Amino acid sequence: MSDKVAVITGSGDGLGKGIARRLASDGFNIVLSDINPETLKATEAEFRADGVPVTAFQGNVAKRDDQFALVKHAVDTFGRVDVFVNNAGIEDVMPLERVTDSEFDRVFDINVKGVLFGIQAAAEQMKKQQQDGRVYKIINAASIAAHESYDLLGVYCASKHAVRALTVAAAKELARFNINVNAYCPGVAGTRMWDRIDEEMAKIHGWAPGEAFRRFTAGILRGRPQEPADVAALVHFLASEDSDYITGQSILTDGGMVFR
(Lines give C-alpha, C1' and ligand atoms only; values in the text may rest on other atoms or scores of the structure.)
Protein backbone atom coordinates (compact mmCIF):
# COMPACT_ATOMS: atom_id res chain seq x y z
CA MET A 1 0.00 0.00 0.00
CA SER A 2 3.01 2.30 -0.24
CA ASP A 3 1.34 4.51 -2.86
CA LYS A 4 -1.98 4.78 -1.00
CA VAL A 5 -2.99 7.82 1.01
CA ALA A 6 -5.29 7.96 4.04
CA VAL A 7 -6.72 11.17 5.50
CA ILE A 8 -8.01 11.04 9.07
CA THR A 9 -9.81 13.95 10.71
CA GLY A 10 -9.68 14.40 14.47
CA SER A 11 -6.44 12.43 14.53
CA GLY A 12 -4.42 14.50 16.98
CA ASP A 13 -5.27 12.08 19.77
CA GLY A 14 -7.82 9.50 20.94
CA LEU A 15 -9.49 7.11 18.52
CA GLY A 16 -8.38 9.15 15.51
CA LYS A 17 -4.74 8.83 16.45
CA GLY A 18 -5.18 5.11 16.95
CA ILE A 19 -6.76 4.81 13.51
CA ALA A 20 -3.96 6.80 11.91
CA ARG A 21 -1.38 4.62 13.66
CA ARG A 22 -2.99 1.43 12.37
CA LEU A 23 -3.30 2.69 8.80
CA ALA A 24 0.34 3.79 8.94
CA SER A 25 1.30 0.24 9.91
CA ASP A 26 -0.68 -0.95 6.88
CA GLY A 27 1.62 1.13 4.68
CA PHE A 28 -0.56 4.15 3.98
CA ASN A 29 0.87 7.63 3.65
CA ILE A 30 -0.89 9.50 6.45
CA VAL A 31 -2.57 12.89 6.45
CA LEU A 32 -3.39 13.97 9.98
CA SER A 33 -5.99 16.65 10.63
CA ASP A 34 -7.17 18.24 13.86
CA ILE A 35 -8.49 21.53 15.18
CA ASN A 36 -6.03 21.49 18.09
CA PRO A 37 -2.60 22.67 16.90
CA GLU A 38 -0.69 21.37 19.93
CA THR A 39 -1.86 17.76 19.78
CA LEU A 40 -1.64 17.79 15.98
CA LYS A 41 1.98 18.96 16.02
CA ALA A 42 2.94 16.44 18.70
CA THR A 43 1.34 13.52 16.87
CA GLU A 44 2.92 14.51 13.56
CA ALA A 45 6.34 14.64 15.23
CA GLU A 46 5.76 11.25 16.84
CA PHE A 47 4.76 9.64 13.54
CA ARG A 48 7.65 11.25 11.71
CA ALA A 49 10.12 9.99 14.32
CA ASP A 50 8.78 6.50 13.70
CA GLY A 51 9.46 6.80 9.97
CA VAL A 52 5.84 7.23 8.90
CA PRO A 53 5.27 9.25 5.70
CA VAL A 54 3.06 11.89 7.27
CA THR A 55 1.79 15.42 6.88
CA ALA A 56 -0.56 17.46 9.05
CA PHE A 57 -3.31 19.99 8.39
CA GLN A 58 -5.01 22.12 11.01
CA GLY A 59 -8.66 22.64 10.21
CA ASN A 60 -12.22 22.78 11.46
CA VAL A 61 -14.39 20.07 9.91
CA ALA A 62 -17.50 22.20 10.44
CA LYS A 63 -16.15 24.59 7.80
CA ARG A 64 -16.69 23.33 4.27
CA ASP A 65 -13.72 25.25 2.90
CA ASP A 66 -11.44 23.60 5.47
CA GLN A 67 -12.48 20.11 4.38
CA PHE A 68 -11.76 20.90 0.74
CA ALA A 69 -8.47 22.54 1.73
CA LEU A 70 -7.57 19.39 3.66
CA VAL A 71 -8.04 17.25 0.57
CA LYS A 72 -6.03 19.71 -1.50
CA HIS A 73 -3.23 19.53 1.08
CA ALA A 74 -3.26 15.74 0.85
CA VAL A 75 -3.08 15.82 -2.94
CA ASP A 76 -0.40 18.50 -2.97
CA THR A 77 1.69 16.40 -0.58
CA PHE A 78 1.10 12.81 -1.68
CA GLY A 79 -0.66 13.10 -5.03
CA ARG A 80 -3.97 11.39 -4.27
CA VAL A 81 -6.57 10.33 -1.67
CA ASP A 82 -7.56 6.67 -1.35
CA VAL A 83 -9.17 6.61 2.08
CA PHE A 84 -10.89 9.47 3.90
CA VAL A 85 -11.87 8.89 7.52
CA ASN A 86 -14.43 11.33 8.92
CA ASN A 87 -13.43 10.70 12.52
CA ALA A 88 -13.73 14.14 14.17
CA GLY A 89 -16.66 14.54 16.54
CA ILE A 90 -17.84 15.98 19.84
CA GLU A 91 -20.25 14.97 22.59
CA ASP A 92 -23.05 16.77 24.41
CA VAL A 93 -24.45 15.78 27.82
CA MET A 94 -27.66 17.38 29.05
CA PRO A 95 -31.41 16.76 29.32
CA LEU A 96 -33.25 17.53 26.09
CA GLU A 97 -35.38 20.17 27.84
CA ARG A 98 -32.25 22.26 28.44
CA VAL A 99 -30.78 22.11 24.91
CA THR A 100 -30.33 25.54 23.31
CA ASP A 101 -29.97 26.56 19.67
CA SER A 102 -26.24 27.11 20.03
CA GLU A 103 -25.62 23.79 21.76
CA PHE A 104 -27.62 21.88 19.18
CA ASP A 105 -25.85 23.64 16.31
CA ARG A 106 -22.42 23.03 17.84
CA VAL A 107 -22.93 19.26 17.87
CA PHE A 108 -24.56 19.05 14.45
CA ASP A 109 -22.04 21.42 12.83
CA ILE A 110 -19.15 19.12 13.75
CA ASN A 111 -20.73 15.65 13.82
CA VAL A 112 -23.05 15.99 10.82
CA LYS A 113 -21.92 18.90 8.65
CA GLY A 114 -18.31 17.82 9.19
CA VAL A 115 -19.09 14.36 7.81
CA LEU A 116 -21.12 15.78 4.91
CA PHE A 117 -18.36 18.20 3.91
CA GLY A 118 -15.75 15.46 4.25
CA ILE A 119 -17.77 13.21 1.96
CA GLN A 120 -18.10 16.02 -0.58
CA ALA A 121 -14.41 16.90 -0.56
CA ALA A 122 -13.18 13.31 -0.67
CA ALA A 123 -15.62 12.25 -3.38
CA GLU A 124 -14.66 15.16 -5.63
CA GLN A 125 -11.03 14.07 -5.57
CA MET A 126 -11.72 10.34 -5.77
CA LYS A 127 -13.81 10.83 -8.91
CA LYS A 128 -10.73 12.32 -10.58
CA GLN A 129 -8.77 9.12 -9.89
CA GLN A 130 -11.13 6.71 -11.60
CA GLN A 131 -8.68 5.75 -14.30
CA ASP A 132 -6.78 3.30 -12.07
CA GLY A 133 -9.80 1.12 -11.28
CA ARG A 134 -9.36 1.08 -7.51
CA VAL A 135 -12.19 1.07 -5.01
CA TYR A 136 -11.92 4.17 -2.82
CA LYS A 137 -13.13 4.33 0.74
CA ILE A 138 -14.95 7.00 2.72
CA ILE A 139 -15.29 5.87 6.33
CA ASN A 140 -17.43 7.78 8.81
CA ALA A 141 -17.42 7.82 12.61
CA ALA A 142 -20.85 6.84 13.85
CA SER A 143 -21.32 5.22 17.27
CA ILE A 144 -23.43 2.79 19.25
CA ALA A 145 -25.47 6.01 19.52
CA ALA A 146 -26.26 5.63 15.81
CA HIS A 147 -28.20 2.46 16.67
CA GLU A 148 -29.47 3.23 20.17
CA SER A 149 -30.46 6.45 21.95
CA TYR A 150 -29.40 7.24 25.50
CA ASP A 151 -30.79 9.64 28.06
CA LEU A 152 -28.76 12.83 28.54
CA LEU A 153 -27.08 12.16 25.18
CA GLY A 154 -30.08 12.87 22.97
CA VAL A 155 -28.52 15.49 20.70
CA TYR A 156 -25.34 13.46 20.32
CA CYS A 157 -27.40 10.37 19.48
CA ALA A 158 -29.44 12.32 16.94
CA SER A 159 -26.24 13.51 15.27
CA LYS A 160 -24.91 9.96 15.00
CA HIS A 161 -28.21 8.68 13.61
CA ALA A 162 -27.76 11.40 10.98
CA VAL A 163 -24.25 10.13 10.19
CA ARG A 164 -25.70 6.69 9.59
CA ALA A 165 -28.28 8.17 7.20
CA LEU A 166 -25.61 10.13 5.31
CA THR A 167 -23.51 6.97 5.04
CA VAL A 168 -26.30 5.05 3.32
CA ALA A 169 -27.25 7.91 1.01
CA ALA A 170 -23.63 8.57 0.01
CA ALA A 171 -23.03 4.86 -0.63
CA LYS A 172 -25.97 4.81 -3.04
CA GLU A 173 -24.88 7.97 -4.83
CA LEU A 174 -21.17 7.17 -5.13
CA ALA A 175 -21.13 3.44 -5.89
CA ARG A 176 -20.98 4.05 -9.64
CA PHE A 177 -17.72 5.94 -9.11
CA ASN A 178 -16.06 2.99 -7.31
CA ILE A 179 -16.38 4.76 -3.98
CA ASN A 180 -17.53 2.76 -0.97
CA VAL A 181 -18.99 4.57 2.04
CA ASN A 182 -19.24 2.84 5.41
CA ALA A 183 -19.27 3.80 9.08
CA TYR A 184 -17.75 2.37 12.23
CA CYS A 185 -19.72 2.44 15.47
CA PRO A 186 -17.54 2.43 18.60
CA GLY A 187 -18.80 1.77 22.10
CA VAL A 188 -17.25 3.11 25.31
CA ALA A 189 -13.53 3.88 25.33
CA GLY A 190 -11.39 5.56 27.97
CA THR A 191 -10.75 8.67 25.89
CA ARG A 192 -10.93 12.36 26.77
CA MET A 193 -14.44 12.43 25.27
CA TRP A 194 -15.61 9.86 27.78
CA ASP A 195 -13.85 11.73 30.58
CA ARG A 196 -16.06 14.70 29.74
CA ILE A 197 -19.22 12.58 29.51
CA ASP A 198 -18.44 10.99 32.86
CA GLU A 199 -17.85 14.38 34.47
CA GLU A 200 -21.12 15.87 33.19
CA MET A 201 -23.21 12.83 34.09
CA ALA A 202 -21.70 12.85 37.57
CA LYS A 203 -22.84 16.45 38.01
CA ILE A 204 -26.38 15.72 36.85
CA HIS A 205 -26.87 12.49 38.80
CA GLY A 206 -24.72 13.31 41.82
CA TRP A 207 -22.43 10.37 41.09
CA ALA A 208 -18.81 10.01 42.12
CA PRO A 209 -16.17 10.55 39.41
CA GLY A 210 -15.89 7.45 37.23
CA GLU A 211 -19.35 6.13 38.08
CA ALA A 212 -20.91 6.86 34.67
CA PHE A 213 -18.01 5.16 32.92
CA ARG A 214 -18.32 2.16 35.25
CA ARG A 215 -22.06 1.85 34.65
CA PHE A 216 -21.74 2.07 30.87
CA THR A 217 -18.93 -0.49 30.71
CA ALA A 218 -20.21 -2.95 33.32
CA GLY A 219 -22.28 -4.97 30.87
CA ILE A 220 -19.82 -5.21 27.97
CA LEU A 221 -19.71 -8.88 27.01
CA ARG A 222 -15.99 -8.84 26.31
CA GLY A 223 -15.43 -7.72 29.89
CA ARG A 224 -13.49 -4.50 29.36
CA PRO A 225 -13.81 -0.96 27.98
CA GLN A 226 -12.84 -0.30 24.41
CA GLU A 227 -9.34 0.72 23.37
CA PRO A 228 -8.37 2.75 20.28
CA ALA A 229 -6.82 -0.36 18.72
CA ASP A 230 -10.22 -2.09 18.76
CA VAL A 231 -11.75 0.63 16.62
CA ALA A 232 -8.67 0.94 14.44
CA ALA A 233 -8.89 -2.76 13.59
CA LEU A 234 -12.33 -2.26 12.03
CA VAL A 235 -11.23 0.84 10.15
CA HIS A 236 -8.19 -1.12 8.93
CA PHE A 237 -10.60 -3.67 7.42
CA LEU A 238 -12.89 -1.05 5.89
CA ALA A 239 -9.86 0.69 4.34
CA SER A 240 -8.50 -2.54 2.87
CA GLU A 241 -9.31 -4.37 -0.35
CA ASP A 242 -11.01 -7.06 1.74
CA SER A 243 -13.98 -4.71 2.17
CA ASP A 244 -14.37 -3.82 -1.51
CA TYR A 245 -17.78 -5.56 -1.61
CA ILE A 246 -19.13 -3.79 1.50
CA THR A 247 -20.81 -0.40 1.28
CA GLY A 248 -23.57 1.53 3.02
CA GLN A 249 -23.03 -0.23 6.35
CA SER A 250 -22.65 1.13 9.90
CA ILE A 251 -20.78 -1.62 11.72
CA LEU A 252 -20.75 -1.96 15.50
CA THR A 253 -17.45 -2.48 17.29
CA ASP A 254 -18.38 -2.26 20.96
CA GLY A 255 -17.33 -5.52 22.63
CA GLY A 256 -20.94 -6.62 22.93
CA MET A 257 -23.19 -3.73 24.02
CA VAL A 258 -25.72 -3.04 21.26
CA PHE A 259 -27.13 -5.78 19.04
CA ARG A 260 -28.57 -5.02 15.61
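Residues numbered from 1 in each chain as written. Predicted model: local features only at pLDDT ≥ 70, side-chain atom pairs only at ≥ 80, totals over all residues. Heavy atoms only, no water.

A.B. asks: Explain the side chain of Lys137 to me, please; I cannot follow it from the model alone.
C.D. replies: Position of Lys137 among the secondary structure elements: in strand β5 (residues 136–141). Taking relative accessible area as the criterion, Lys137 reaches 2% and is therefore assigned buried. At a separation of 2.9 Å, a polar atom in the side chain of Lys137 contacts the side chain of Ser243. With near-sequence residues (within four places) excluded, Lys137 lies in contact with Asp82, Val83, Phe84, Met126, Asn180, Leu238, Ala239, Ser240, Glu241, Ser243 and Asp244. (Helix = DSSP H or I, 4+ residues; strand = E, 2+ residues; numbered from the N terminus. Buried < 20%, exposed > 50% of the residue type's maximum accessible area, 1.4 Å probe, protein only. Polar contact = N/O pair within 3.5 Å; in protein donor to acceptor, adjacent residues only side chain to side chain. Contact = heavy atoms within 4.5 Å.)

A.B. asks: Can you walk me through the environment of Asn60 in this structure?
C.D. replies: Topologically, Asn60 is positioned in the loop between β3 (54–58) and α3 (64–78). Placed 50 residues apart in sequence, Asn60 and Gly10 show a C-alpha to C-alpha distance of 9.3 Å. Aside from chain neighbours lying at most four places away, what touches Asn60 is Ile35 and Asp66. Polar contacts involving the side chain of Asn60 include one to the main-chain amide nitrogen of Ala62, which spans 3.0 Å.

A.B. asks: Teacher, can you tell me more about the packing of aromatic side chains here?
C.D. replies: Centre distance and the angle of the planes are the two values used to describe a pair of aromatic rings. Applying the stated criterion to the full structure yields four aromatic pairs. Taken together, a centroid distance of 4.4 Å and an interplanar angle of 15 degrees make the contact between Phe104 and Phe108 stacked. Here Phe108 and Phe104 lie together in helix α4 (residues 101–127), a separation of four residues that amounts to about one turn. According to the relative accessible area criterion, Phe104 is partly exposed, its value standing at 36%. Feature note: the residues Tyr150, Trp194, Phe213 and Phe216 constitute an aromatic cluster, connected by ring pairs. (Phe/Tyr/Trp six-rings, centres within 6.5 Å; stacked < 30°, edge-to-face > 60°.)

A.B. asks: Would you mind showing me how to read the nonpolar core here?
C.D. replies: Judged by nonpolar contacts, the single largest core of 28 residues is most densely connected at Phe84, Met126, Ile138, Leu174 and Ile179. At the level of secondary structure, the elements contributing two or more residues to this core comprise β1 (5–9), α3, α4, β5, α5 (154–174) and β6 (179–186). The greatest single-element share of this core, amounting to six residues, is contributed by α4. In this structure Ile138 touches Phe84, Asn86, Ile119, Ala122, Ala123, Met126, Leu174, Ile179, Asn180, Val181 and Asn182, once residues within four positions along its chain are discounted. One finds Tyr184, Val231, Leu234 and Val235 within the second-largest nonpolar core, a separate group that totals 27 residues. (Core = buried A, V, L, I, M, F, W, Y, C linked by side-chain atoms within 4.5 Å.)

A.B. asks: Explanation requested: α4 in the structure shown.
C.D. replies: Residues spaced three or four apart along an α-helix face the same direction, because each turn holds 3.6 residues. Here α4 contains 27 residues, and its C-alpha end-to-end distance of 36 Å stays within 8% of the 39 Å for a straight helix at 1.5 Å per residue. Where α4 bends most, the angle comes to about 40 degrees, and this point is Asp109. (Expected span 1.5 Å × (residues − 1). Bend = angle between axes of the 7 residues up to and from the residue.)

A.B. asks: What am I meant to see in the environment of Ser243 here?
C.D. replies: Position of Ser243 relative to the elements: it lies in the loop between α8 (228–239) and β7 (250–253). Along the sequence, Ser243 and Asn182 sit 61 residues apart, while their C-alpha atoms lie 9.8 Å from each other. Sequence-distant contacts of Ser243, that is, excluding residues within four places in its chain, are made with Lys137, Asn180, Phe237 and Leu238. Within the structure, Ser243 has its side chain in polar contact with the backbone oxygen of Leu238 (distance 2.8 Å).

A.B. asks: Could you clarify how one ought to interpret the UniProt feature "active site" (unreviewed entry) in the protein in this entry?
C.D. replies: UniProt annotation of "active site" (unreviewed entry) refers to Tyr156 when read in the numbering used here. Of note, Tyr156 is situated in helix α5. In this structure, Tyr156 is in contact with Ile90, Glu91, Asp92, Val107, Asn111, Ser143, Ala145 and Met193, ignoring residues within four places of it in sequence. (UniProt positions renumbered as here; feature names shortened; annotations may be inferred.)

A.B. asks: When you look at the pattern of salt bridges in this model, what are you seeing that I'm missing?
C.D. replies: Where charged atoms from two side chains of opposite charge come close, those side chains can pair. Tallied over the full model, the rule gives 20 salt bridges. Across the pair Arg22 and Asp26 runs a salt bridge, and its minimum N-O distance is 3.8 Å. Residue Arg22 is classed as partly exposed on the basis of its relative accessible area, which comes to 28%. (Salt bridge = Lys/Arg side-chain N within 4 Å of Asp/Glu carboxyl O.)

A.B. asks: Would you mind going over the sheet that holds β1 with me for this structure?
C.D. replies: Note on sheets: strands pair through backbone hydrogen bonds, and any given pair is parallel or antiparallel. Here we have seven strands laid out as an open sheet, ordered β3-β2-β1-β4-β5-β6-β7, and parallel in their pairing. Of all strands in the sheet, those with a lone pairing partner are β3 and β7, marking the two edges. Within the sheet, the average angular offset between the axes of one strand and its neighbour, ignoring direction, is 20 degrees. Pairing of strand β4 (residues 83–86) with β5, which is carried by four bridges, proceeds in the parallel orientation. (Pairing = 2+ DSSP bridges. Axes fitted to C-alpha atoms, helices over the stretch in contact; angles between N-to-C directions.)

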